[in-house]
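# Coordinates in review
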Amino acid sequence: WIEAAGNYAQLWIGPRSYFLRESLQLLEERLSKHGFIRASRRSLVRLDGVRELTRDSAGALVAALGCGASIPISRRRSAAFAAALRRLGSVRTTD
């Protein structure tokens, strides 16, 4: 997954992270064809890395990744994110 970090993007691969000097918007454009989707203003997630989609205590969607990270999904992007996961067909969702 990738998160915004000021003027950089922080690429997470397992427990390690790497800083990229690119905007999240540019990365989204380049990586969408490789299975990445915007989860919020701050993050991009690779769909096949999502293990489970759940709701937190406030009812907001949260993507649990195989690496152990939990990524909140913004309300604005939740429908598109959930639809993309349904198309992929290999993710468990709980409500």
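Residues numbered from 1 in each chain as written. Predicted model: local features only at pLDDT ≥ 70, side-chain atom pairs only at ≥ 80, totals over all residues. Heavy atoms only, no water.

## Re the overall build of the protein chain
Short version of the rule: Secondary structure is summarised from DSSP: a helix means a run of H or I of at least four residues, a strand means a run of E of at least two, and numbering begins at the N terminus for each. We compute the radius of gyration over the C-alpha atoms and compare it with the globule rule, which gives 2.2 Å times the number of residues raised to the power 0.38. Relative accessibility thresholds used throughout: buried, under 20% of the residue-type maximum; exposed, over 50%; partly exposed, between the two (1.4 Å probe, protein chains only). Contacts were defined at the residue level, with two residues in contact if any of their heavy atoms lie within 4.5 Å. All accessibility values rest on the Shrake-Rupley procedure with a 1.4 Å probe; residue burial counts only the protein chains present in the view. Positive: Lys, Arg. Negative: Asp, Glu. His and the chain ends are not part of the count. Throughout, a charge is located at the NZ atom of Lys, the CZ atom of Arg, the CG atom of Asp or the CD atom of Glu.
Looking only at helices and strands, the protein chain has two helices and nine strands in total. Its helices and strands taken in sequence order, the protein chain reads β-β-β-α-β-β-β-β-β-α-β from the N to the C terminus. Since a compact globule built from 95 residues should have a radius of gyration of about 12 Å, the 13 Å found for the protein chain is in line with a globular shape. When the backbone C-alpha atoms are referred to their principal axes, the protein chain occupies close to 35 × 25 × 25 Å. Classification of the 95 residues of the protein chain by burial places 35% in the buried group. The contacts in the protein chain between residues at least 6 apart in sequence include a share of 39% that link residues at least 24 apart. Summed over all atoms, the accessible surface of the protein chain reaches about 6,200 Å², with 49% contributed by carbon and sulfur. Computed over 16 positive and 8 negative side-chain charges, the separation of the two mean positions in the protein chain equals 2 Å.

## What to know about the nonpolar core
Selection criterion: Residues grouped as a nonpolar core are buried Ala, Val, Leu, Ile, Met, Phe, Trp, Tyr and Cys residues, joined through side-chain atoms within 4.5 Å.
V45, L53, L65 and F81 are the most contacted members of the largest nonpolar core, which has 17 residues in total. Looking at which element gives the most residues to this core, the answer is helix α2 (residues 75-88), with four residues. Beyond its immediate sequence surroundings of up to four residues, F81 is in contact with I37, R38, A39, V45, L47, V50, L53, A63 and I73. Residues I2, A9, L24 and L31 belong to the second largest nonpolar core, which totals seven residues.

## Structural notes on the environment of Q25
One can find Q25 in helix α1 (residues 24-31). Judged by relative accessible area, Q25 falls into the exposed class, the value being 52%. In sequence terms Q25 and A39 are 14 residues apart; their C-alpha atoms lie 12 Å from each other.

## With respect to the pairing of strand β5 (residues 43-46)
Short version of the rule: Two strands are counted as paired when DSSP detects at least two bridges linking them.
When strand β1 (residues 2-5) meets β5, the two strands line up antiparallel, connected through two bridges. Opposite E3, over in β5, you have S43 as the bridge partner. Pairing analysis gives four bridges linking strand β4 (residues 36-40) to β5, with the strands arranged antiparallel. Directly across from R38, in β5, lies its bridge partner L44. Between β4 and β5, which follow one another and run antiparallel, lie two residues.

## Description of the packing of aromatic side chains
Aromatic ring pairs: the centre-centre distance and the angle between the two ring planes describe each pair. Convention followed: Each Phe, Tyr or Trp ring (for Trp, its six-membered ring) is paired with any other whose centre lies within 6.5 Å, and the angle between the two planes then decides the class: stacked below 30 degrees, edge-to-face above 60, tilted in between.
Counting across every chain of the model gives two aromatic pairs. For the pair W1 and W12, a centre-to-centre distance of 5.9 Å together with 10 degrees between the ring planes defines the contact as stacked. You can see W1 sitting in the segment before β1 and its partner W12 sitting in strand β2 (residues 8-13), a full 11 residues away along the chain. Using a relative accessible area of 17% as the deciding quantity, one classes W1 as buried. On the accessibility criterion, W12 (24% relative accessible area) is partly exposed. The interplanar angle of 80 degrees and the centroid separation of 6.4 Å between the aromatic rings of Y8 and F19 together place this pair among those described as edge-to-face.

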